[in-house]
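# Coordinate inspection notes
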Amino acid sequence: MIKEIREPLVFEISAAGKRAGELPALDVPVRKDLLAGVPLRREIEDFPEVSETEVTRHFTRLSQKNYCVDMGIYPLGSCTMKYNPKVNERLSAHPAFAGSHPLLPEELVQGNLEVLRTLERFLREITGLDAFTLQPAAGAHGELAGMMIIRAALEARGDARKIVLIPDSAHGTNPSSAHICGYAVKEIKSGEDGTIDVAALEAAMTGEVAALMVTNPNTLGVFESDIGLIAGIVHAKGGFVYMDGANMNALTGVARPGDMGVDVLHLNLHKTFSTPHGGGGPGSGPVGVKKELEPYLPVPVIAEKGGRYVLDFDRPRSIGRVRAFFGNFSVLVRALCYIMSLGPEGVREIAELAVLNANYIRKSLEGDYHLKYATPSMHECVFSDKLQKEHGITNLDIAKRLIDHGVHPPTMSFPLIVPGALMIEPTETESRRDLDLFIGAMKAIAKEAKENPDVLRAAPHVTYVGRLDEVGAAKNPVLRWEKKP
Ligand SMILES: *Cc1c(COP(=O)(O)O)cnc(C)c1O
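Overview of the structure. Keep in mind the model is a prediction, meaning the values are calculated, not measured.

Among the 13 residues in the neighbourhood of the ligand, the closest are listed as Ser 78, Gly 139, Asp 244, His 270 and Lys 271. The side chain of Lys 271 places a nitrogen or oxygen atom 2.7 Å from an oxygen atom of the ligand. Against a free-state accessible area of 380 Å², the protein chains account for coverage of 87% of the ligand. Those elements that place two or more of their residues in the shell around the ligand are α5 (139-157) and α9 (269-272). At three residues, the largest contribution of residues to the shell around the ligand is made by α5.

Before going further, it helps to spend a moment on the nonpolar core. Core analysis: the biggest nonpolar cluster contains 54 residues, and Leu 116, Leu 119, Leu 165, Leu 201, Leu 212, Phe 273 and Ile 339 have the highest contact counts within it. Elements supplying a minimum of two residues to this core: α4 (110-127), β2 (163-167), α7 (198-204), β4 (209-215), α8 (227-236), β5 (240-245), β6 (264-267) and α10 (329-365). Take this core: its biggest share by element is 12 residues, from α10. Discounting residues that sit within four places of it in the chain, Ile 339 has contacts with Leu 119, Phe 122, Leu 123, Ile 126, Phe 273 and Val 347.

Turning our attention to the sheet that holds strand β7 (residues 287-289). Judged by pairing direction, the sheet is mixed, and its seven strands sit side by side in the order β1-β7-β6-β5-β4-β2-β3 without closing on themselves. Only two strands of the sheet have a single neighbouring strand rather than two, namely β1 (131-133) and β3 (184-188). Each strand axis lies, on average, 25° off the axis of its neighbour in the sheet, ignoring direction. Looking at chain direction, β5 and β6 are connected through four bridges and run parallel. In the sheet register, Tyr 242 faces β6, and the bridge partner there is Val 264. Against the sheet, α4 touches β1 and β6, its axis set at about 125° to β1. Helix-sheet contacts for α5 involve β2, β4, β5, β6 and β7, and the interaxial angle to β5 is about 170°.

Covered by surrounding structure in strand β11 (residues 381-384) are Cys 381 and Phe 383 together with Val 382 and Ser 384, the residues of both alternating faces. Where strand β10 (residues 370-371) meets β11, two bridges bridge the pair, whose relative direction is antiparallel. For Leu 371, the partnering residue across the bridge sits in β11 and is Phe 383. With four bridges joining them, β11 and strand β13 (residues 421-424) adopt antiparallel strand pairing. The residue of β13 that forms the bridge with Ser 384 is Ala 421.

Right, let's talk about α5 for a bit. End to end, α5 covers 27 Å across 19 residues, agreeing with the expected 27 Å (1.5 Å per residue, within 8%). Those residues of α5 that sit buried are Gly 139, Gly 142, Glu 143, Ala 145, Gly 146, Met 147, Ile 149, Ile 150, Ala 152, Ala 153 and Leu 154. The positive-phi residue at the C-terminal boundary of α5 is Gly 158, with phi of around 105°.

Our next topic: the side chain of Ser 377. As for its position among the elements, Ser 377 is in the loop between β10 and β11. In terms of polar contacts, Ser 377 uses its side chain to reach the side chain of Arg 362, at 2.8 Å. There is a polar contact of 3.4 Å between the side chain of Ser 377 and the backbone oxygen of Glu 380. Aside from chain neighbours lying at most four places away, what touches Ser 377 is Gly 221, Val 355, Asn 359 and Arg 362.

On to unusual backbone geometry. For the bond from Asn 216 to Pro 217, the omega torsion is -5°, close enough to zero to count as cis. With respect to the element layout, Pro 217 can be found in the loop between β4 and α8. Backbone geometry at Ser 274 places phi at a positive 80°, although glycine is not the residue there. By secondary structure assignment, the location of Ser 274 is in the loop between α9 and β7. Using a relative accessible area of 0% as the deciding quantity, one classes Ser 274 as buried.

About the cut-offs
Residues numbered from 1 in each chain as written. Predicted model: local features only at pLDDT ≥ 70, side-chain atom pairs only at ≥ 80, totals over all residues. Heavy atoms only, no water. Near = heavy atom within 4 Å. Polar contact = N/O pair within 3.5 Å; in protein donor to acceptor, adjacent residues only side chain to side chain. Areas by Shrake-Rupley, 256 points an atom, 1.4 Å probe, with all protein chains shown as cover. Helix = DSSP H or I, 4+ residues; strand = E, 2+ residues; numbered from the N terminus. Core = buried A, V, L, I, M, F, W, Y, C linked by side-chain atoms within 4.5 Å. Buried < 20%, exposed > 50% of the residue type's maximum accessible area, 1.4 Å probe, protein only. Contact = heavy atoms within 4.5 Å. Pairing = 2+ DSSP bridges. Axes fitted to C-alpha atoms, helices over the stretch in contact; angles between N-to-C directions. Expected span 1.5 Å × (residues − 1).

Purely geometric stuff here, so don't read any function into it on its own.
Here is the structure:
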């Protein structure tokens, strides 16, 4: 047990006058006039003063209390916490990329623009859509840009419409994006098998509906096998089909949303295409559209003129800019490196392994944990705590106990249509051995729920802190360090 080794705040180890490094005395005259008129802060109040050793050890100790995908399986559902090859980090950090200033004129960054155009081409090929913008900075940002494109296209027809249909299993960002774009959201109930109830969709699909936002495979990890039929119903009434492609690793190289009747889609490069996800770092949510919607893409669009790449701002029907410069360029470079290093077979293997791994877990845990939907899984599977509830054990207890087994817990209590949900997405990068370790831990916990539930309820036992007062943390957050007098 390693409890009670509390890491102090960096402010608490501060002592006046300590420095991590010192510059030699200035041997040229001081020029105060250079920054005249610039509002400069003289000092930062209570700025911590520590030595290099102290600051290094402080942050290293903190990092060791954390869990990361470089340590082990991180099976958060609807998140794709997969291992990303380090070589892509190296390449995107190459000084030729990382050092090129975003304000450089386009004739000096032809190589960068080629990177973006090539990535667009690969994303078109993978998704079956006709044109892409790489600007949106995340999934939700892509959703908003996509919905704005749909709104602009409908307005051009003379009727922006009022409603967006969204299945009850959808990720929370879908209704919020539609809402921010000015639409009323109408929920479509899922059927017995967890997919969209086609009859319910047909009844809801009127001339007032701008779009259906669909996630495929949906957040239960189930493929919407009626997607062609569903798209036909939406199109027949003049609506658009928006697909949330955040978890594209179920489909890459196997099936293309554009071939299923999808008109607009966003991808999460920070899930599927080699940018680490979850560290709070930059993301990228490119949006792909069918030909008909291309004029509405954000500006600038990268075009080719006379053998050069140019930034085209002359697009009267564009929804405008959604992000400064080119989006999160380093994320885009990683995605291109990833796709090119895998090649077509490798891209296909992403999906094959993601689906195989999820189904391996599903089959292995079938008797131990309850499955609300019997439909086969794609890249993730959703269990519930129904069997453990009989012993007074909830999904929270199971998640906390997994930490004692050295495993990051899965997503809990989502999607909302599965009470007590444990949503597991192993991703394609886990080996058979790591999957078996996870399955072994889950089985041990199922057994413990029957035989020794008290131990489970008190978990985790091996962490620096046990169960946190989550309500207290939300209601009375301590956001400011107060210096002790
Ligand atoms: C992650 C995710 C999103 C949101 O992506 P962000 O980059 O976090 O904004 C949307 N939909 C689904 C299905 C997701 O898994």
